[in-house]
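# Examination of the molecular architecture
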Amino acid sequence: MVTPLPEPLPELTGERADLLAALDKQRGFLRYTARGLTDEQAQRRTTVSELTLGGLIKHVAGVEERWLRFAVGGAEAMRAEGAPDDADSWAAQFRMTDGETLDVLLERYRAVAEHTDTLVATLDLDSEQALPEAPWFEPGAAWSVRRVLLHVIAETSQHAGHADILREALDGQRTMG
């Protein structure tokens with residue numbers, strides 16, 4: 001759950017503004033791809049993949065939220081509160097479940113983005129946290145807040161591209177082009 005942070009935010013310039021502008025552009029592509037969809041369309045698989053547009057939005061919001069928890073509180077904070085811990089919960093983060101609507105998923109994504117923007121305005125970009133133990137991370141490695149943000153930008157961009165393919169297969173609409 002995203003907790004509110006104090007307002008107002010300082011006006012961002014330089015690197016912080018650039019990082020958030022890059023992230024927000026990719027968020028915008030993802031949100032734009034879902035424009036005008038019904039819940040049924042957002043749940044529909046349009047390729048051999050299990051991915052759906054609603055599931056991608058849900059996943060990207062969760063990824064952004066977990067990585068920013070890591071940036072603030074380390075690996076333990078990243079695993080807290082709803083982080084997938086088994087194959088079923090991992091798979092569930094990629095699909096809309098009973099009671100979830102596209103509007104609810106988009107609103108959650110908006111709230112996560114707002115929280116991230118607030119953190120970027122206030123965190124020390126050079127502050128580091130040790131990465132969780134996992135086969136895909138170098139043992140003993142640490143990431144700065146800056147590196148976390150670059151990772152979130154890359155994840156969001158990659159999944160915005162996936163979403164564009166899914167949407168085009170669904171009804172011919174594209175984010176760009």
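Read on for a plain summary of the structure. (Residues numbered from 1 in each chain as written. Predicted model: local features only at pLDDT ≥ 70, side-chain atom pairs only at ≥ 80, totals over all residues. Heavy atoms only, no water.)

## Considerations on the overall build of the chain
- Looking only at helices and strands, one finds 6 helices and 2 strands in the chain.
- Counting across all 177 residues of the chain, residues that qualify as buried make up 42%.
- Surface accessibility of the chain: about 9,700 Å² in total, with carbon and sulfur atoms responsible for 54%. (Helix = DSSP H or I, 4+ residues; strand = E, 2+ residues; numbered from the N terminus. Buried < 20%, exposed > 50% of the residue type's maximum accessible area, 1.4 Å probe, protein only. Areas by Shrake-Rupley, 256 points an atom, 1.4 Å probe, with all protein chains shown as cover.)

## A look at the packing of helix α1 (residues 14-33) against helix α6 (residues 145-171)
- Close contact between α1 and α6 brings their axes to 8 Å; oriented N to C, the two are set at 20°. Judged on the interaxial angle alone, α6 and α1 are roughly parallel. The two elements α1 and α6 meet at a crossing, and its hand is left-handed. On the side of α1, the interface is formed by Glu15, Leu19, Ala22, Leu23, Gln26, Arg27, Phe29, Leu30 and Thr33, while α6 contributes Arg146, Leu149, Leu150, Val152, Ile153, Thr156, Ser157, His159, Ala160, Ala163, Asp164 and Arg167.
- Its residues assigned to classes, the contact of α1 with α6 comprises 11 nonpolar, 5 polar and 5 charged. (Axes fitted to C-alpha atoms, helices over the stretch in contact; angles between N-to-C directions. Parallel < 35°, antiparallel > 145°, perpendicular 65-115°, else oblique. Left-handed = near helix turned anticlockwise from the far one by under 90°. Contact = heavy atoms within 4.5 Å. Nonpolar A, V, L, I, M, F, W, Y, C, P; charged D, E, K, R; others polar.)

## Considerations on the packing of aromatic side chains
- Within the structure shown, the criterion is met by 5 aromatic pairs.
- A ring pair is formed by Trp67 and Phe70, whose centres lie 5.2 Å apart and whose planes are at 75°; its orientation type is edge-to-face. Residue Trp67 and its partner Phe70 are located together in helix α3 (residues 53-79), separated by 3 residues, close to a single helical turn.
- Here the aromatic rings of Trp136 and Phe137 are separated by 6.3 Å at their centres, their planes lie at 65°, and the arrangement is edge-to-face. (Phe/Tyr/Trp six-rings, centres within 6.5 Å; stacked < 30°, edge-to-face > 60°.)

## Brief notes about the packing of α3 against α6
- For the pair α3 and α6, the least separation of the axes is 10 Å and the interaxial angle reads 180°. Between α3 and α6, the angle falls in the class roughly antiparallel.
- Its residues placed into classes, the contact of α3 with α6 shows 15 nonpolar, 5 polar and 3 charged.

## Things to note about the environment of Lys58
- On the secondary structure map, Lys58 appears in helix α3.
- Judged by its relative accessible area of 15%, Lys58 falls in the buried class.
- Residues Lys58 and Gln93, spaced 35 residues apart in sequence, show a C-alpha to C-alpha distance of 6.4 Å.
- Among residues more than four places away in sequence, those in contact with Lys58 are Ala92, Gln93, Arg95, Thr97, Glu100, Leu105 and Arg108.

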